[in-house]
Amino acid sequence: MSGEFSFKRVTAPDIANRKGGAPIVALTAYHAHTARIIDPYVDMLLVGDSLGMVMHGYETTVPVPLELMIMHAQAVVRGSSRSLVVVDMPFGSYEESPSEAFRNAARVMKETGCGAIKIEGGAHMAETIRYLTDRGIPVMSHIGMTPQSVNTIGSFRPRGRFRSEWAAFEEDGRAVAEAGAFAVVLEALAELLAARITKQISIPTIGIGASAECDGQILVLEDMLGLSPRVPKFVKEYAQIGEAIEAAVKAYANEVRGRVFPSDAYTYPMCDEPAPVTKKPKMTGS
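Let us look at the structure shown here.

Parameters and conventions
- Residues numbered from 1 in each chain as written.
- Predicted model: local features only at pLDDT ≥ 70, side-chain atom pairs only at ≥ 80, totals over all residues.
- Heavy atoms only, no water.
- Helix = DSSP H or I, 4+ residues; strand = E, 2+ residues; numbered from the N terminus.
- Contact = heavy atoms within 4.5 Å.
- Axes fitted to C-alpha atoms, helices over the stretch in contact; angles between N-to-C directions.
- Left-handed = near helix turned anticlockwise from the far one by under 90°.
- Nonpolar A, V, L, I, M, F, W, Y, C, P; charged D, E, K, R; others polar.
- Core = buried A, V, L, I, M, F, W, Y, C linked by side-chain atoms within 4.5 Å.
- Buried < 20%, exposed > 50% of the residue type's maximum accessible area, 1.4 Å probe, protein only.
- Phe/Tyr/Trp six-rings, centres within 6.5 Å; stacked < 30°, edge-to-face > 60°.
- Lys NZ or Arg CZ within 6 Å of the ring centre and 35° of its normal.
- Pairing = 2+ DSSP bridges.
- Polar contact = N/O pair within 3.5 Å; in protein donor to acceptor, adjacent residues only side chain to side chain.
- Salt bridge = Lys/Arg side-chain N within 4 Å of Asp/Glu carboxyl O.

**Topic: the environment of P90**
Step number 1: Checked against the element boundaries, P90 lands in the loop between β3 (84-88) and α5 (98-112).
Step number 2: Look past the residues within four positions of P90 in its chain and what remains in contact with it is D49, V64, P65, L66, M69 and Q148.

**Here we look at the packing of helix α8 (residues 166-179) against helix α9 (residues 191-200)**
Step number 1: α9 packs onto α8 with a crossing angle of 35° between their chain directions and a minimal axis gap of 10 Å. α9 is crossed by α8, and the crossing has right-handed handedness. Across the interface between the two elements, W166, F169, E170, G173 and R174 from α8 touch L192, L193, R196, I197 and Q200 from α9.
Step number 2: For the contact of α8 with α9, the class distribution of residues is 5 nonpolar, 2 polar and 3 charged.

**Side note on the nonpolar core**
One broad trend across soluble globular proteins is that nonpolar side chains are buried collectively.
Step number 1: Formed by 75 residues in total, the largest nonpolar core has its most connected members in I117, M140 and F182.
Step number 2: Broken down by element, this core gets its largest block of residues, 7 residues, from helix α4 (residues 66-79).

**Overview of the packing of aromatic side chains**
Each aromatic ring pair is described using two quantities: the centre-to-centre distance and the angle formed by the ring planes.
Step number 1: On inspection of all chains with the given rule, the structure shows 2 aromatic pairs.
Step number 2: Seen in terms of ring centroids, Y252 and F261 are 6.0 Å apart; in terms of plane orientation they differ by 65°. Their pairing is edge-to-face.
Step number 3: Ring centres 5.6 Å apart and planes at 50° place the aromatic pair F261 and Y266 in the tilted group.
Step number 4: Using a relative accessible area of 33% as the deciding quantity, one classes F261 as partly exposed.
Step number 5: Of note, R135 hangs over the ring of Y131, and the distance from its end group to the ring centre comes to 3.5 Å.

**Quick look at the sheet that holds strand β5 (residues 139-144)**
Step number 1: The sheet built from 8 strands closes into a barrel, its strands ordered β1-β2-β3-β4-β5-β6-β7-β8 with parallel pairing. Strand-to-strand, the axes of this sheet are offset by a mean angle of 25°, without reference to chain direction.
Step number 2: For β3 and strand β4 (residues 116-120), the ladder comprises 3 bridges, and the chain directions are parallel. Within β4, the position partnered with V87 by the bridge is I117.

**So, the environment of E165**
Step number 1: Tracing the chain through its elements places E165 in the loop between α7 (150-153) and α8.
Step number 2: In the structure, E165 is positioned 46 residues away from S211 in sequence and 17 Å away in space, judged by C-alpha atoms.
Step number 3: When neighbours within four sequence positions are excluded, E165 is seen to be in contact with R159 and G160.
Step number 4: Within the structure, E165 has its side chain in polar contact with the backbone nitrogen of G160 (distance 2.8 Å).

**Some remarks on the pattern of salt bridges**
Step number 1: In the structure shown here, the tally under the stated rule is 8 salt bridges.
Step number 2: Two residues, K19 and D215, come together in a salt bridge whose shortest N-O distance is 2.9 Å. One end of the pair, K19, is in the loop between α1 (12-16) and β1 (24-28); the other, D215, is in the loop between β7 (205-208) and β8 (216-219), and 196 residues separate them in sequence.
Step number 3: D215 gets classed as buried once you look at its relative accessible area, which sits at 7%.
Step number 4: For D88, the salt bridge identified is with K118, shortest N-O distance 2.7 Å. Here the residue D88 occupies a position in strand β3, and K118 occupies one in strand β4, the gap between them amounting to 30 residues.
Step number 5: With relative accessibility at 2%, the residue K118 sits in the buried group.
Step number 6: A single salt-bridge network, built from bridges that share partners, covers E67, R107 and E111.

This is the structure:
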């Protein structure tokens, strides 16, 4: 067998090569039908553990199990065809050891068909990032405000707003880049710090509540569509789909209660009975 094989999807190396180039566009996706809608317009779909809060009513991302991430990731992969699909490794699935992280990340990639995984943490996760990438698993890192650490941080608050904090976050950025991450999410980092890290490291930075100078941006889809009841300051709502859904459901309920729906246009009329089939006698030769 000869010739080069090329992926039809965007790959982790494709994203890595976008450093300093055209901005990378990313959104979260949790199910097949929304993945299908947004796939043509983005470079990367993140199956974020934020699905625990957005879709399943958890207060934080901490309770999300690995099996739930796999189920949603399978749907997103089925619903998309060109974007790189990245799957969050949930809390408790990678922190204990690099070997545990590899075992669970390999399972995610094999069972979902995704192109990469994401883990939270900076310098203290560098060994794990290196272990995974050395064994064929592309890793996107996540530093700044890390939601899985909410119980130690104390709240979902922005980070790096004091210059005294900058050195630690800059070291996180350098460490994950040197360990082999193909990109890093910078969440809720002070704008000047995020811009500074972007200039310092060799891999793309994907901002969420960070700087326009990042190499790309990501938002939670439901947040930017106006489907979430509360959104962080950094979210721009590009639509108010929640209000549209409420109006549609209210109209439907009123029509059902008023016996207006379903009208004749939405029901099936009776048909005439088909005429009986008369069998013709067989012709016989003489």
